[in-house]
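What the coordinates show
Chain residues, written in single-letter form:
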Amino acid sequence: MNTQSTVPLTKMVEQMKLKCLTPEIDITNKQLVTPQINRPALQLTGYFDHFDAERIQIIGYVEYTYLEHLTREQKLPIYEKLLSYKIPCLVYTTRTVPDQDMINLAGEYNIPIFVTQRSTSAFMAEVIRWLNVEMAPSITIHGVLVDVFGEGVLIMGESGIGKSEAALELIKRGHRLISDDVVEIRRVSDTTLVGTAPDITRHFIELRGIGIINVKTLFGVESVKDTSNIDLVIKLEEWDKDKEYDRLGLEEEYTEFLGNRVTCHSLPIRPGRNLAVIVETAAVNHRQKKMGYNAAQELYDRVQAGLKKNMNGD
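Thresholds, definitions, all that
- Residues numbered from 1 in each chain as written.
- Predicted model: local features only at pLDDT ≥ 70, side-chain atom pairs only at ≥ 80, totals over all residues.
- Heavy atoms only, no water.
- Patch = residues over 30% accessible without salt bridge, like charges linked within 9 Å, V, L, I, M, F, W, Y side chains within 5 Å.
- Areas by Shrake-Rupley, 256 points an atom, 1.4 Å probe, with all protein chains shown as cover.
- Salt bridge = Lys/Arg side-chain N within 4 Å of Asp/Glu carboxyl O.
- Helix = DSSP H or I, 4+ residues; strand = E, 2+ residues; numbered from the N terminus.
- Buried < 20%, exposed > 50% of the residue type's maximum accessible area, 1.4 Å probe, protein only.
- Pairing = 2+ DSSP bridges.
- Phe/Tyr/Trp six-rings, centres within 6.5 Å; stacked < 30°, edge-to-face > 60°.
- Lys NZ or Arg CZ within 6 Å of the ring centre and 35° of its normal.

As for a nonpolar patch on the surface
- On the surface, a cluster of nonpolar side chains totalling about 250 Å² of accessible area is made up of Leu-299, Val-303 and Leu-307.
- For Leu-299, the location among the structural elements is in helix H10 (residues 295-313).
- You can call Leu-299 partly exposed: its relative accessible area is 45%.

Take a look at the structure:
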């Protein structure tokens, strides 16, 4: 398991399409260490106790108009104090721009300044969401991740058991591939796991006997997807006649990634079983359960009601 990672500032700038007002400052090696942001409202009044200097600092319309009411003599000491904390960067939102004094001092303190036309609330929501995903604890596992009817299905099993072949059949049936062979899983919240493909293998599937194929090229852009929540795990395993397999599904089984539980089904493999149809059915059934309908429970209730009726009839 990886610890919370850092994110290059350059990546955030590119992702959020920010305009740089301090191009002379080299940001190549600057790293963001927290997904949290800060609007330095109190700091602009001179109060720096408990200041979170490691966060991205955002100057919105309220902060901008407050500064506009200050004289140059009042602003300069505040600018210097703020920039002296070696903050990662300053971002001006809602079509606001820094004055020349701020730009000059930022150059002296080596603090980059960016601007965006987006509103403060919209920018904050987007950058926090993106950074939470980028910095989430992560692991890499062996498996295939497919979006089936909107459910993220992670297919696992021993090498050569047929995971990629099942994924290919699902793609031909209109579902979407996220990753083949290697899946990167990030824990973005206590209830949500997000899976994606490594950049190198994205959109590729390895088929034994054929080789590497590009799913996006062969089946079109609608056959692939960059990320998906992991809602269901299907474990493929060789049929064992001595093993007792669940035939009703009354009791949910789970597997765990990064401390989060995910519903898991073990699927025995025998010649003639149509894996794609079974995976589709499992995905739809899982969605029904999330919506409050459990077919196994309904059958159990019917059987119990029938037994009770027979006993009363006797």
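Some thoughts on the sheet that holds strand E4 (residues 37-38)
- Spatial strand order, E2-E7-E6-E5-E4: five strands in an open sheet with mixed pairing. At either end of the open sheet lies a strand with only one pairing partner, and these are strand E2 (19-20) and E4.
- Pairing of E2 with strand E7 (residues 113-115) involves two bridges; the strand directions are antiparallel. Within E7, the position partnered with Cys-20 by the bridge is Phe-114.

Comments concerning the packing of aromatic side chains
- Scanning all chains against the criterion turns up three aromatic pairs.
- Aromatic pair Phe-48 and Tyr-85: ring centres 5.2 Å apart, planes at 5°, arrangement stacked. Placement of the pair is Phe-48 in the loop between helix H2 (41-44) and strand E5 (56-59) and Tyr-85 in the loop between helix H4 (72-84) and strand E6 (90-92), with a sequence separation of 37 residues.
- We classify Phe-48 as buried; its relative accessible area is 8%.
- Here the aromatic rings of Phe-51 and Tyr-85 are separated by 5.1 Å at their centres, their planes lie at 85°, and the arrangement is edge-to-face. Here the residue Phe-51 occupies a position in the loop between H2 and E5, and Tyr-85 occupies one in the loop between H4 and E6, the gap between them amounting to 34 residues.
- Among the aromatic residues, those joined into a cluster by ring pairs are Phe-48, Phe-51 and Tyr-85.
- Its end group placed over the ring of Tyr-254, Arg-261 keeps NZ or CZ at 3.8 Å from the ring centre.

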